[in-house]
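Each chain, written out:
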Amino acid sequence: MEALLAEDELIKKHKTEYNIKQKEFNDYVYLSISADLYPALNSVKDDSLSSEIYGPFRNKLFIEELRRMFCKVLGTAVCENPNRERGCIQSEIGNCSGPCLERISSEDYTSDINIIRSFLQGDAKGIEAKADRMIKYLSADLKFEEAAEILKLKNFFVKFAERQKFINDFITKNLIIHSEVSFAFEKGVLKKVRKKPITSDIFISQAEEPKDLLKYLDKALVVLFWINKSKSVYKFY
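Residues numbered from 1 in each chain as written. Predicted model: local features only at pLDDT ≥ 70, side-chain atom pairs only at ≥ 80, totals over all residues. Heavy atoms only, no water.

The next thing to look at is the overall build of the protein. Counting secondary structure elements, the protein contains 8 helices and 7 strands. A buried classification covers 45% of the 237 residues belonging to the protein. Looking at the protein alone, contacts between residues at least 24 apart form 54% of all its contacts between residues at least 6 apart. Accessible surface computed for the protein: about 13,800 Å², of which carbon and sulfur atoms make up 52%. (Helix = DSSP H or I, 4+ residues; strand = E, 2+ residues; numbered from the N terminus. Buried < 20%, exposed > 50% of the residue type's maximum accessible area, 1.4 Å probe, protein only. Contact = heavy atoms within 4.5 Å. Areas by Shrake-Rupley, 256 points an atom, 1.4 Å probe, with all protein chains shown as cover.)

Summarising burial for strand 3 (residues 53–57): 5 of the 5 residues are buried, a large majority. Relative to strand 3, strand 1 (residues 29–33) runs antiparallel, the two sharing 3 bridges. Paired with Ser32 across the two strands is Ile53, which belongs to strand 3. (Pairing = 2+ DSSP bridges.)

On to the packing of helix 3 (residues 60–74) against helix 6 (residues 125–140). With their axes 9 Å apart at the nearest point, helix 3 and helix 6 run at an angle of 55° to one another. For the element pair helix 3 / helix 6, the angle class is oblique. Listed contacts from helix 6 to Phe70, Lys72, Val73 and Leu74 of helix 3 are Ile127, Lys130, Ala131 and Met134. Residues that form the contact of helix 3 with helix 6 fall into these classes: 6 nonpolar, no polar and 2 charged. (Axes fitted to C-alpha atoms, helices over the stretch in contact; angles between N-to-C directions. Parallel < 35°, antiparallel > 145°, perpendicular 65-115°, else oblique. Nonpolar A, V, L, I, M, F, W, Y, C, P; charged D, E, K, R; others polar.)

Next up on the list: the nonpolar core. Judged by nonpolar contacts, the single largest core of 35 residues is most densely connected at Leu31, Phe57, Phe70, Phe119, Leu120, Ile127 and Phe157. Looking at this core, the element that brings in the most residues is helix 3, giving 8 residues. Beyond its immediate chain neighbours, meaning those up to four positions away, Leu120 contacts Leu31, Ile33, Tyr54, Phe57 and Gln164. The next biggest cluster of nonpolar side chains, apart from the first, holds 24 residues, and it includes Leu5, Ala220, Val223 and Leu224. (Core = buried A, V, L, I, M, F, W, Y, C linked by side-chain atoms within 4.5 Å.)

Below, the discussion takes up the sheet that holds strand 1. As summarised here, the arrangement of the 3 strands in space is 2-1-3, forming an open sheet in which the pairing is antiparallel. Across the chains shown, the open sheet's two edge strands, defined by having one partner strand only, are strand 2 (41–44) and strand 3. If you compare each strand with its neighbour and ignore which way they point, the axes differ by 25° on average. Across the sheet, helix 5 (residues 106–120) lies against strand 1, strand 2 and strand 3, angled at about 140° from strand 1, the strand it touches most.

Note on placement: Asp112 falls in helix 5. When neighbours within four sequence positions are excluded, Asp112 is seen to be in contact with Leu74, Thr76, Ile104 and Lys130.

As a further point, take the packing of aromatic side chains. In the structure shown here, the tally under the stated rule is 17 aromatic pairs. With a centroid separation of 5.8 Å and an interplanar angle of 80°, the aromatic rings of Tyr234 and Phe236 are classed as edge-to-face. For Tyr234, a relative accessible area of 36% gives the class partly exposed. Using a relative accessible area of 17% as the deciding quantity, one classes Phe236 as buried. Taken together, the ring pairs connect Phe57, Phe62, Phe70, Phe119, Phe156, Phe157 and Phe160 into an aromatic cluster. (Phe/Tyr/Trp six-rings, centres within 6.5 Å; stacked < 30°, edge-to-face > 60°.)

Purely spatial values, then, with no claim about function.
Quick look at the structure:
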């Protein structure tokens, strides 16, 4: 674990030209939620445009696919830069609620964005409930293929929310990992490594959440990868 985190830090610091891992890191993108009257979901490479950032995601195409999934279940916009005069094909065929043309109130649209916000923080209950309602209506209309497609999306959301919850908890909570060696992270910061088990008593300070958000989002993904690969047991406090 320590070696993996140290390698990740050095690769990002020195930007090693021929390291495959660095090339993958360069492709990392994040999803931002704007503070507009009709909040927009944008793919960004840093946090210069928004303070509300989620990720990391492997590339911009994945975020585009996420927006399409959100559109199918919630009717939120697929576009990053909508045409506020003509709208888009998705709004014309009724897939998108048309926030760029104000066909939906700001309050209702923000409510849908809040469901996405909760999902990106690891809580899929809202989007799962929306999907369940769609499946029920589509099945009642004998649109079984469309219902099956929404069911696949629902299963994806539930599974992917587990990843998002780990990342969110890694930054906002304290973490203990038990394997051959035990590790203690205090809101994303590696605090202690021991060969013997570590207990939650080690967390005695009121640590602040990390300010370099992108760095710790990436670190959370490295730690989650290590946990899954080593099949270690962990618990947040």
